[in-house]
Amino acid sequence: MNPANRANPVKETTHSHSRSVLDMRTIPDMLQSEFDQLHAKFKTVSTLHLTELQTEINGWQHDGIITKKFYEKNYSQFVFHPPSTLTNAHSVIVIGIPQKITNIAFFHQGKRYQTIIPPTYIYTKIRAICKEILSTILSKQGYSVERAILPMKLLAVRSGLGKYGKNNLCYVDGMGSYTRLEAFYTDYEFPIDTWCEKGLMKSCNSCSLCQHACPMQCIPQDRLLIHADHCLTYFNENEGDFPPSIPVQSHNALIGCMLCQIICPQNKKYLEFNQNTVTFTEEEIACILQKTPRENIPQALAKKLVDLDIYEDYLELPRNFAVLMAKENSENSSTPQTDLSM
């Protein structure tokens, strides 16, 4: 067995010895019990590995795998050390929580349209629940918890929580890629460090469905990183006109993209939809399409956007709603279409 794939005991410090042996044994068990209720999984790694994460991320830019512009826009926010409020953090807790697709209905000029928000985009409540679980259990033992702002997919794969798919998403057993990833620092030193080498799912070696499904052809054969600056998700999460190279028919979600996930055999049995459809009224869509300043939109619309965690994406919404309407209006009603919503 590759030593990098083994669970590595973390050296105990004087700080950890000051806690009781009972605490060291039961904290992971208590956390497991709580996260089981969310059907969630977690792994723990030492903060000593943060420099390895940073070195790998920086290496992508240095080696020309990603551009400096893309790095600065998408990776510069990561902080590869514990916050000043928890400088003595010993461990990072990496959590995977299964999530469902959210159906969206909206009205414009008397016509009803529908689309989706993919799993993982709606995160505020689940993040708060995770922190509450950790804080409740760890604080009783005299420990603290703070959120970690780190590259989550890479961290999750290096922690052993999941493996990469060919589409560069993290797949967790029992969830597929429909997994919200969260991470938190704590000054509690977990007895097990699950740090390992990153790997690709074995099933990807004989499969290329996601590559063929990608309208932007951004999933390569020769590396784990996709050409993310060509990805449809990248374009519809950022301001500006869509490039002419993006076919109108490829748009499939209000934010993000589901094409490489919906086609993946490893995701088939984990595809689920939230029971409730979120509806935007004719007046709300008119407000968005008219690019009403965000501070002036009706309170009910603002709350809806906040609850969906797309309030910060408001500037992209007029363009995204418009292209989804253009897609549906251009479709021949007699031609069968793949519908991601229910």
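Here's what I pulled together on the structure shown here. What you see is a predicted model; the values in this text were computed from it and never measured. (Residues numbered from 1 in each chain as written. Predicted model: local features only at pLDDT ≥ 70, side-chain atom pairs only at ≥ 80, totals over all residues. Heavy atoms only, no water.)

To continue, consider the sheet that holds strand E9 (residues 179-186). The strand order across the open sheet built from four strands is E2-E3-E9-E6, with neighbouring strands paired in antiparallel fashion. Sheet topology places strand E2 (41-46) and strand E6 (145-147) at the edges, where each strand pairs with a single neighbour. Ignoring strand direction, the axes of neighbouring strands in this sheet form an average angle of 30°. Both E6 and E9 contribute to a ladder of three bridges, which runs antiparallel. By the bridge assignment for E9, Glu 146 is matched with Tyr 185. The strands that helix H5 (residues 124-139) touches are strand E3 (91-98), E6 and E9; relative to E9, the one it contacts most, it runs at about 35°. (Pairing = 2+ DSSP bridges. Helix = DSSP H or I, 4+ residues; strand = E, 2+ residues; numbered from the N terminus. Axes fitted to C-alpha atoms, helices over the stretch in contact; angles between N-to-C directions. Contact = heavy atoms within 4.5 Å.)

Now for helix H10 (residues 282-289). Taken residue by residue, H10 has Glu 284, Ile 285, Cys 287 and Ile 288 as its buried positions. Projected down its long axis, H10 shows its buried positions confined to an angular sector of 155°, all on one face. Contacts made by the buried residues of H10 are with strand E4 (102-108), strand E11 (278-280), helix H11 (299-307) and helix H12 (317-330). Immediately beyond the C-terminal end of H10, within one or two residues, lies Lys 291, with a positive phi of roughly 55°. (Buried < 20%, exposed > 50% of the residue type's maximum accessible area, 1.4 Å probe, protein only. Arc of directions from axis to C-beta.)

Take the pairing of E9 next. With respect to burial, E9 is a largely interior element, eight of its eight residues being buried. Going residue by residue along E9, you find Thr 179, Leu 181, Ala 183 and Tyr 185 tucked away on one face and Arg 180, Glu 182, Phe 184 and Thr 186 tucked away on the opposite face as well. The pairing of E3 with E9 spans eight bridges and is classified as antiparallel. If you follow Val 94 over to E9, its bridge partner there is Ala 183.

With that out of the way, let us pick up the layout of surface pockets. What the second largest pocket holds in volume is close to 690 Å³. Along the wall of the second largest pocket there are 28 residues; nearest its centre are Gln 99, Lys 100, Thr 102, Ile 122 and Asn 274. Put simply, the parts of the chain that give the lining of the second largest pocket at least two residues each are E3, H5 and H11. Looking at the lining of the second largest pocket, the element that brings in the most residues is H5, giving three residues. For the lining of the second largest pocket, the per-class residue count stands at 14 nonpolar, nine polar and five charged. (1 Å grid on protein atoms, 1.4 Å probe; cavity = no way out; pocket = protein on both sides within 12 Å on 5 of 7 lines; lining within 4 Å. Points joined across faces, edges and corners; volume = space filled by probe spheres on them. Nonpolar A, V, L, I, M, F, W, Y, C, P; charged D, E, K, R; others polar.)

Compared with an ideal rise of 1.5 Å per residue, which puts 14 residues at 20 Å, H12 spans 20 Å between its outermost C-alpha atoms and is within 8% of the ideal. The inward-facing, buried residues of H12 abut E4, strand E5 (111-117), helix H8 (232-236), E11, H10 and H11. (Expected span 1.5 Å × (residues − 1).)

Take the packing of H10 against H12 next. Describing two packed helices takes the angle between their axes plus the distance from one axis to the other. Contact geometry of H10 with H12 gives a least axis separation of 8 Å together with a crossing angle of 120°. Contact residues: H10 offers Ile 285, Ile 288 and Leu 289, while H12 offers Leu 317, Pro 318, Phe 321, Ala 322 and Met 325. The residue inventory of the contact of H10 with H12, partitioned by class, reads eight nonpolar, no polar and no charged.

This part covers the side chain of Arg 180. Following the sequence through the fold, Arg 180 ends up in strand E9. Take Arg 180: its relative accessible area is 15%, and that puts it in the buried class. A polar contact is formed between the side chain of Arg 180 and the side chain of Glu 182, at a distance of 3.0 Å. Residues contacting Arg 180, with those up to four places away along its chain left out, are Ile 95, Gly 96, Ile 97, Gln 99, Thr 120, Tyr 123, Ile 126 and Arg 127. (Polar contact = N/O pair within 3.5 Å; in protein donor to acceptor, adjacent residues only side chain to side chain.)

What follows concerns the sheet that holds E5. Here three strands make up an open sheet; going across it, the order is E5-E4-E11 and the pairing mixed. Strand pairing shows two members of the sheet lacking a second neighbour, E5 and E11, which therefore form its edges. Across this sheet, the average inter-strand angle for adjacent strands is 25°, counted without regard to direction. In this structure, E4 lies alongside E5, joined through seven bridges in antiparallel fashion. Bridging from a neighbouring strand, Phe 106 pairs with Tyr 113 of E5.

For the pair H10 and H11, interaxial distance at closest approach is 10 Å and the crossing angle is 80°. One way to sum up the angle between H10 and H11 is to call them roughly perpendicular. In this structure, H10 uses Glu 284, Cys 287 and Ile 288 to contact H11, whose residues at the interface are Ala 300, Leu 301 and Lys 304. Taken together, the residues of the contact of H10 with H11 sort by class into four nonpolar, no polar and two charged. (Parallel < 35°, antiparallel > 145°, perpendicular 65-115°, else oblique.)

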